Amino acid sequence: MFALYKKEVQSYFCSPFAYVVSALFLMVFSLSFINGISNMDSNVLKFSFSNIFYNSFFYFIFLIPLLTMRTFAEERKSKTETIWLSAPITIPQVVFAKFFAVATVFLLMMVLSLFFPLIALWHGSVIGSSLVCGYLGFFLWSLVCIAIGVMMSALTDNPILAAVFGEAAMIAVIFLDNFTQSDLIQSLPVVAKIFGWFSTETRYGAFSQGLFSLADLMFFITITLVVLIWTIIIIEKRRWSRG
Amino acid sequence: MRILFIIAFCCNDERGFAENMVEIKNLTKYYGTHPAVKDISFTVGDHEVLGFLGPNGAGKSTTMNMITGCLPSTSGTVLVDGYDISKDPIEVKKRIGYLPEIPPVYPDMRVREYLTFAAGLKGVARNDRQKQVENAMERLHITDVQKRIIGNLSKGYRQRVGFAMALLGSPKFLILDEPTVGLDPTQVMEVRRLIQDLAREHTIIFSTHILAEVTAVCERVVIINKGQIRAEDTIANLEASVGGDLKLCLKVEGEITKVTDLIRNTDGVISVDEVEFDSQGVNAFTVTVASEAVRKPLMSRLIAEDCMVLEITTVKSSLEDVFVKLTSSSRAQSREDALEELGKELDAQREAEEAAKKAGSAEQDKTSANEEKEAED
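The rules we used
- Residues numbered from 1 in each chain as written.
- Chains lettered and ligands numbered in written order.
- Predicted model: local features only at pLDDT ≥ 70, side-chain atom pairs only at ≥ 80, totals over all residues.
- Helix = DSSP H or I, 4+ residues; strand = E, 2+ residues; numbered from the N terminus.
- Buried ≥ 20, exposed ≤ 12 C-beta atoms within 10 Å, placed from the backbone.
- Contact = placed C-beta atoms within 7 Å.
- Pairing = 2+ DSSP bridges.
- Axes fitted to C-alpha atoms, helices over the stretch in contact; angles between N-to-C directions.
- Core = buried A, V, L, I, M, F, W, Y, C linked by C-beta atoms within 7 Å.
- Nonpolar A, V, L, I, M, F, W, Y, C, P; charged D, E, K, R; others polar.
- Parallel < 35°, antiparallel > 145°, perpendicular 65-115°, else oblique.
- Left-handed = near helix turned anticlockwise from the far one by under 90°.
- Expected span 1.5 Å × (residues − 1).
- Arc of directions from axis to C-beta.

Caption draft 1: Main features of the overall build of chain A. The helix and strand inventory of chain A stands at 14 helices and 0 strands. Walking chain A from its N terminus toward its C terminus, one meets helices and strands in the order α-α-α-α-α-α-α-α-α-α-α-α-α-α. By its C-alpha atoms, chain A is 70 × 50 × 30 Å across when sized along the principal axes. The proportion of buried residues among the 243 residues of chain A is 39%.

Caption draft 2: Layout of the overall build of chain B. Within chain B, the regular secondary structure consists of 13 helices and 14 strands. Per-residue burial over chain B gives 33% buried out of 377 residues. Taking all contacts inside chain B whose residues are at least 6 apart in sequence as the whole, residues at least 24 apart take part in 70%.

Caption draft 3: Spatial organisation of the sheet that holds strand 5 (residues 83-84) of chain B. Residues and elements named next belong to chain B. Pairing is antiparallel in the open sheet, where 4 strands are placed in the order 2-1-4-5. What marks the edges here is a single partner per strand, and that holds for strand 2 (34-44) and strand 5. Alignment of strand 1 (residues 22-31) against strand 2, held across 7 bridges, turns out to be antiparallel. Each residue of the ladder has a partner; that of E23, found in strand 2, is T43. Against the sheet, helix 2 (residues 60-68) engages strand 1, strand 2 and strand 4 (75-80), with an angle of about 120° to strand 1.

Caption draft 4: Structural view of the nonpolar core. Ranked by size, the top nonpolar core spans 135 residues in total, and within it I146 and A147 of chain A together with Y114, L115 and A164 of chain B carry the most contacts. When sequence neighbours within four positions are dropped, the list of residues in contact with A164 of chain B reads L115, A136, M137, L140 and I142 of chain B. Grouped together as the second largest cluster of nonpolar side chains are 10 residues, L250, I263, F285 and V287 of chain B included.

Caption draft 5: Structural view of the environment of E253 of chain B. Residue and element names in this part refer to chain B. Locating E253 in the fold gives a position in strand 11 (residues 246-253). Take E253: there are 17 C-beta atoms within 10 Å of it, and that puts it in the partly exposed class. Note: C-alpha distance between E253 and Y83 (170 residues apart in sequence) is 62 Å. In contact with E253, not counting residues within four places along its chain, are G281, V282, C307, M308 and L310.

Caption draft 6: Structural context of the interface of chain B and chain A. Listed as interface residues are 23 residues of chain B and, on the opposing side, 21 residues of chain A. For the side of chain B that touches chain A, the secondary-structure elements that each account for two or more residues are helix 3 (89-94), strand 6 (96-99) and helix 4 (111-121) of chain B. For the side of chain B that touches chain A, the element with the highest residue contribution is helix 4 of chain B, accounting for 4 residues. Considering only residue class, the side of chain B that touches chain A consists of 15 nonpolar, 4 polar and 4 charged.

Caption draft 7: Local environment of the packing of helix 9 (residues 128-155) of chain A against helix 13 (residues 200-208) of chain A. Residue and element names in this part refer to chain A. Orientation of helix 9 relative to helix 13, taken along the N-to-C sense of each, is 160°, at an axis distance of 8 Å. Classified by the angle between their axes, helix 9 and helix 13 sit roughly antiparallel to one another. Helix 13 is crossed by helix 9, and the crossing has right-handed handedness. Contacts between helix 9 and helix 13 involve C133, G134, L136, G137, W141 and V144 on the former and, on the latter, T200, Y204, F207 and S208. Grouping the constituent residues of the contact of helix 9 with helix 13 by class yields 6 nonpolar, 4 polar and no charged.

Caption draft 8: Structural context of the packing of helix 3 (residues 49-60) of chain A against helix 9 of chain A. Residues and elements named next belong to chain A. Relative to each other, helix 3 and helix 9 sit at 20°, their axes nearing to 9 Å. On the basis of their axis angle, the class for helix 3 and helix 9 is roughly parallel. In this structure, helix 3 meets helix 9 at a crossing whose hand is right-handed. Counting all contacts with helix 3, which are made through F49, S50, F53 and F57, the residues of helix 9 involved are S130, L131, G134, F138 and W141. Of the residues in the contact of helix 3 with helix 9, the class split is 6 nonpolar, 3 polar and no charged.

Caption draft 9: How the structure looks around the pairing of strand 7 (residues 173-177) of chain B. All names here are of chain B. Of all the 5 residues making up strand 7, 5 are buried; the element is thus mostly covered by neighbouring parts of the structure. With 4 bridges connecting them, strand 6 and strand 7 associate as parallel partners. Bridging across to strand 7, I96 finds its partner in F173. Of the pairings in the sheet, the one linking strand 7 to strand 8 (residues 203-208) comprises 5 bridges and is parallel in character. Of the residues in strand 8, the one forming a bridge with L174 is I204.

Caption draft 10: Just the environment of E113 of chain B, in detail. Note that E113 of chain B resides in helix 4. Remark: the alpha-carbon pair of E113 of chain B and I150 of chain B, spanning 37 residues in sequence, is separated by 10.0 Å.

Caption draft 11: Broad picture of the sheet that holds strand 7 of chain B. Residue and element names in this part refer to chain B. Here 6 strands make up an open sheet; going across it, the order is 6-7-8-3-9-10 and the pairing mixed. With partners counted over all chains shown, the strands left at the sheet margins are strand 6 and strand 10 (228-234), one partner each. Neighbouring strand axes in the sheet, compared pairwise and without regard to direction, differ in orientation by 15° on average. In the packing of helix 6 (residues 155-167) onto the sheet, contacts are made with strand 6 and strand 7, and the angle to strand 6 comes to roughly 170°.

Caption draft 12: Examining unusual backbone geometry more closely. Residue and element names in this part refer to chain B. Non-glycine residue D81 carries a positive phi angle of around 60°. Positionally, D81 belongs in the loop between strand 4 and strand 5. For D81, a count of 20 C-beta atoms within 10 Å translates into the label buried. Although it is not a glycine, D306 adopts a positive phi angle of roughly 70°. Of note, D306 is situated in the loop between helix 11 (295-304) and strand 14 (308-315).

Caption draft 13: The environment of I312 of chain B, seen in detail. Residues and elements named next belong to chain B. Inspection of the secondary structure assignment puts I312 in strand 14. Through-space distance from the C-alpha of I312 to that of T288 is 13 Å; in sequence the pair is 24 residues apart. Once you skip the residues sitting within four places of it in the chain, I312 turns out to touch L248, L250, R295 and M299.

Caption draft 14: Structural view of helix 7 (residues 185-198) of chain B. Residues and elements named next belong to chain B. Along its 14 residues, helix 7 runs 20 Å from first to last C-alpha, staying within 8% of the 20 Å computed at 1.5 Å per residue. Within helix 7, burial applies to V191, I195 and L198. Each buried residue of helix 7 sits inside an arc of 70° when the element is viewed along its axis, so together they form one side. Residues of helix 7 that are exposed and point more than 90 degrees away from the buried face comprise P185, T186, R193 and D197.

Here it is as structure tokens:
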């Protein structure tokens, strides 16, 4: 399993892929950062990193499918999946190896973004708890999106289609909360409640305020696991019907 | 002593005696309602090279995918070394090296990097990996391309990289799905030699639709068609099973219908099985004859009729005949029908000619009689 994980991480850095996505991510992050500073009022000389996270996440979420689109679709297209289907490892191991590889690439990007709090620290002060919780919430939210992206990639043998499906799913993830707040859904309290259970944005809200809640942590981990288990089922199902 | 015996028996695990072999029992695979493989059973013994033969789309790859655990079967089991693929897939996969039809190589990796990754994936111990990778590269003669990116390699090299991958982890069984497809003749020879060489350490199942390959490498063959086993025997036995008739191949210059007619009507010729175009005005006839003695009358008859015999050889019945007989019954049938039709046509033509001749001669008689009458008048 480690061999597959290592190979996956390497493949991101052997192609320009990881670099391009990292650059875009940092660009989005720096734009939010600049925006935050320029909007600072002379009376209130502080801004929140959580807001920057939220803003950059709003744009960055659409880059995640670009990272995940190749995971399974590419292998299916070039018929290289036989190498791990015939190797002495199980499908769950394969799915987790690939998921952790993308998560690692993402984690590295987040490490790069530490540059911004450092600048802030140089010229002022940073509230530690808010920053740490902001990063944690951001990372957990991204894990859910990565898992969904991996699942979309397992559904098709065309990476572009996987990216398109992924984008659609990301829109659903990010706008679920707004949708729940709409008048139509609010008029149906049961539906609103059910949608509320799956709303990732409200869960992230707690983290962004510097609050660490075990329930929210469990929520993100559970959703990620459920999506990954679906991915395992999808791949097993496809194994039955492949020619 | 007795205690030792008991201990020995107790230690003997439940896998029983089915060691060192692949046992395939009633393997069936349905894609929806379409059966791809139906009730296939055979075994492969220790250090055996088994040829798996069949035309395209016969179910070879499906069967191989099921043996390697890439594809679950609808019913039936595969036992490798006594382990059931559906119950202990990991144990089975540890013992199998698989080279699929399209080698599963990542085009963006370097050869050495890829093989090291594959060795890791197959659970080769870290300190043993480099040694195994080097051995495999040497065996396949790819050491000189080890630093190149696989995507830039030719088809033959990619095939060899895939082959090297299958050898990693020193598996007991090698499953090779059409290992020589897309290789040039020298590489094909090399791969055949390699398979013979590997047979000393491994048990090999390999599929192909090239018959010369099977005759060169295997001891035993399984022939499948439309998902079912048509034959399973040694090559010698299979050849003997169809080797009843003596066949001659004649290359004759002359008009096709005339020559066919001449050959057919020579004593001792049982049938004309095949007529193939050879070159301008020359056709090759495959003829079933009663004995070698037919050669002489056949030759003299053809020469007498001004048909040049360019070549006459005895056709040795081969695996090819077995294969054609077992796999393309419908095609052979239609060819036989065509020949029969040609025969009927020729008969009809001859009858018509004879009738015309008769009528001609009758008319001639008539006219000559008339002439005589006129002369008398």
